[in-house]
Amino acid sequence: MPKKSKPTAPLVPLTGKQKSYLRSLAHKLKPVVQIGHQGVTPGLLAAIDAALERHELIKVKVSGEAEVDAADLGPQMQKATKSQVAQVIGRTLVVYRRRKENPKIVLPKEKPKRAATQTTASKAPRAEELEDERDEDDEDDEDELDDDEDTEDADADDDDDDEDTEDDEDEEE
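What comes next concerns the included structure. The numbers attached to residues start from 1 for each chain and follow its sequence in the written order. This being a predicted model, a pLDDT of at least 70 is required before a residue's local features are given, and a value of 80 or more before pairs of side-chain atoms are given or counted; all residues contribute to the totals for chains, interfaces and linings. Excluded from the side-chain calculations are hydrogens and water; all other atoms, namely the structure's heavy atoms, are used.

## Focus on the nonpolar core
Where a protein is soluble and globular, its nonpolar side chains tend to be buried together.
Then, in step 1: Think of a nonpolar core as a cluster: buried Ala, Val, Leu, Ile, Met, Phe, Trp, Tyr and Cys residues, connected wherever their side-chain atoms sit within 4.5 Å. Three exposure classes are used, based on accessible area relative to the maximum for each residue type with a 1.4 Å probe and protein chains only: buried under 20%, partly exposed in between, and exposed over 50%. Ranked by internal contacts, the top residues of the largest apolar core, which has 16 residues, are V60, L93 and V95.
Then, in step 2: Broken down by secondary-structure element, the contributors of at least two residues to this core are β1 (31–35), α2 (42–55), β2 (57–62), α3 (70–81) and β4 (92–96).
Then, in step 3: With four residues, α2 is the largest single contributor of residues to this core.
Then, in step 4: Should any heavy atoms of two residues lie within 4.5 Å, those residues are counted as being in contact. In contact with L93, not counting residues within four places along its chain, are I58, K59, V60, V62, A70, G74, M77, V85, Q87 and V88.
Then, in step 5: Residues L22, A86, Y96 and I105 belong to the second largest nonpolar core, which totals nine residues. In DSSP terms, a helix is any run of H or I states spanning at least four residues, a strand is any run of E spanning at least two, and both are numbered starting from the N terminus.

Written as C-alpha cells, this is what we have:
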C-alpha cells in the first residue's frame, strides 16, 4: 500500500527580491544534479527531491545531450518536486524548496505596500510643483542676464564720466 501524503498549502510565488537573494546565494554553488539525454525520469525527480531536502537550494545542470531545454523543464520540475525555480540561466536551473525541519535559508520579507506608497507619495514632489520650480529657475536666469547687461552699460558710462572730468580739469588751467 503506497503512503498517503499530507495535503500541503500551495506554494506562494517568490517575489523579485527573494529571487534575487536566492540567486546571490546560488552563485557560488556547483550543480548537484545533472539531467542527461533521457530527460526527467522518476529517478531524477527522486534525486532532486533528496538534494532539496538536504540543501534547500541547488543547481540543476541540463547536459547538451538532453532533448529538452532548461526553461521548459522548470515548470515541470516545480510541479513534480513542489519547489520553485529561482533562475534559469543557459542550461542551469536554480531550484529552491524550504526545508520542513530546521530551514537554513531565511528569505527576505516584502514590506507592506501601504506604508511604502504613503511615504513615497508624501516625499515625492508633484509634477505641478516641479514645473513651477523650473519656471522660477528660468526667470532667475533671465534676471541675471539683464543685471549683467546693466552692469556693462554702467561701466561704459563711468569711462565717459572720467573723460569729462579730465576735460574739465584742462579747461580750468
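## Some thoughts on helix α1 (residues 16–26)
Then, in step 1: Buried within α1 we find Q18, L22 and A26. Buried residues along α1 cover an arc of 75 degrees about the axis, so they all sit on one side. Away from the buried face of α1 by more than 90 degrees, exposed residues G16 and K17 are located.
Then, in step 2: If you follow the buried residues of α1, they end up packed against β2, β3 (84–89) and β4. To be clear, the arc concerns the directions from the helix axis to the C-beta atoms.

## Concerning the packing of α2 against α3
Then, in step 1: Axis geometry follows a simple rule: fit a line to the C-alpha atoms, using only the stretch in contact for helices, then measure angles between N-to-C directions, giving values from 0 to 180 degrees. Close contact between α2 and α3 brings their axes to 10 Å; oriented N to C, the two are set at 70 degrees. Considering the angle they form, α2 stands roughly perpendicular to α3. Handedness of the crossing formed by α2 with α3: right-handed. In this structure, α2 uses L45, I48, D49 and L52 to contact α3, whose residues at the interface are M77, A80 and T81. Angles are sorted into four bins: roughly parallel if under 35 degrees, roughly antiparallel if over 145, roughly perpendicular if 65 to 115, and oblique for all others. Throughout, a crossing is termed right-handed when the near helix is turned clockwise from the far one, and left-handed when it is turned anticlockwise from it by less than a right angle.

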